[in-house]
Amino acid sequence: MCTAIQFAPSLWASLFGEHRPATPAVYVDAALELAHRRFIASTRQADSDYALPESLLALTRAAIGPAPHLDTRASPHLGARATDRDIVARARIAIVERHPAAGTLLSLAELLHVSPFRLSRAFTREMGVPLTRYRNRVRVGVVLERLEGGETDLAGLAADLGFADQAHLTRTVKEHVGRPPTALRRLLGTTDV
């Protein structure tokens, strides 16, 4: 299995600064192979706005090795001493408040003036779950609220919450609560049995 990834120079600089691999050849150890397989798996998921960039960043980091600036990049809006906790708190607020920039990992990182890698890594470290899972959990909470309020248009709800389609919404809800939205309507007493 082989994957070729090419970054525009400006995107590379925003993600990794001037850090370049020492050589164009990369030894593929087991950890890098796993990162590659996780990246390939993420391309088959419907939630490409977060899962795909997170796995791509992990794959690239595994291939190029540590880049010193990734953990220390200061945020002009959060101050030079922005902690990961501050960054994660602001990311959580943006996601919960459905800020337009919270639609993708890259735009959320740009909003917070940090690298997507730092945001993704800090979020997992601080919250104990990846950013993708947290974002989906917040969206599932909104789904539950709307179902309880009598929402019946699942396709419209999926579109409103940024799911790829109704099937993506259903899979995500079932993954988080163990039941599809139609069953949840019955459990919440919002439909006739």
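All values reported here derive from a predicted model rather than from experimental measurement. (Residues numbered from 1 in each chain as written. Predicted model: local features only at pLDDT ≥ 70, side-chain atom pairs only at ≥ 80, totals over all residues. Heavy atoms only, no water.)

Asker: Please clarify how the side chain of Thr172 should be interpreted in this entry.
Answerer: In this structure, Thr172 sits in helix H9 (residues 166-177). Engagement of the side chain of Thr172 in a polar contact is seen with the backbone oxygen of His168, the distance being 2.9 Å. The residues contacting Thr172, other than those within four sequence positions of it, are Asn136, Val140 and Phe163. (Helix = DSSP H or I, 4+ residues; strand = E, 2+ residues; numbered from the N terminus. Polar contact = N/O pair within 3.5 Å; in protein donor to acceptor, adjacent residues only side chain to side chain. Contact = heavy atoms within 4.5 Å.)

Asker: What am I meant to see in the packing of helix H4 (residues 84-96) against helix H5 (residues 105-112) here?
Answerer: Packed helix pairs are characterised by how far apart their axes lie and by the angle those axes make with each other. Running from amino to carboxyl end, H4 crosses H5 at an angle of 125°, the nearest separation of the two axes being 10 Å. Judged by the angle between their axes, H4 and H5 are oblique. As H4 packs across H5, the resulting crossing turns out to be right-handed. Contact with H4, carried on its side by Ile87, Arg90, Ala91, Ala94 and Ile95, involves Leu108, Leu111 and Leu112 of H5 and no other residues of that element. Looking at side-chain class alone, the contact of H4 with H5 contains seven nonpolar, no polar and one charged residues. (Axes fitted to C-alpha atoms, helices over the stretch in contact; angles between N-to-C directions. Parallel < 35°, antiparallel > 145°, perpendicular 65-115°, else oblique. Left-handed = near helix turned anticlockwise from the far one by under 90°. Nonpolar A, V, L, I, M, F, W, Y, C, P; charged D, E, K, R; others polar.)

Asker: When you look at unusual backbone geometry in this model, what are you seeing that I'm missing?
Answerer: One non-glycine residue, Arg98, lies in positive phi territory at about 55°. On the secondary structure map, Arg98 appears in the loop between H4 and H5. Judged by its relative accessible area of 43%, Arg98 falls in the partly exposed class. Residue His113 is not a glycine yet carries a positive backbone phi of 60°. The topology assignment puts His113 in the loop between H5 and helix H6 (116-127). (Buried < 20%, exposed > 50% of the residue type's maximum accessible area, 1.4 Å probe, protein only.)

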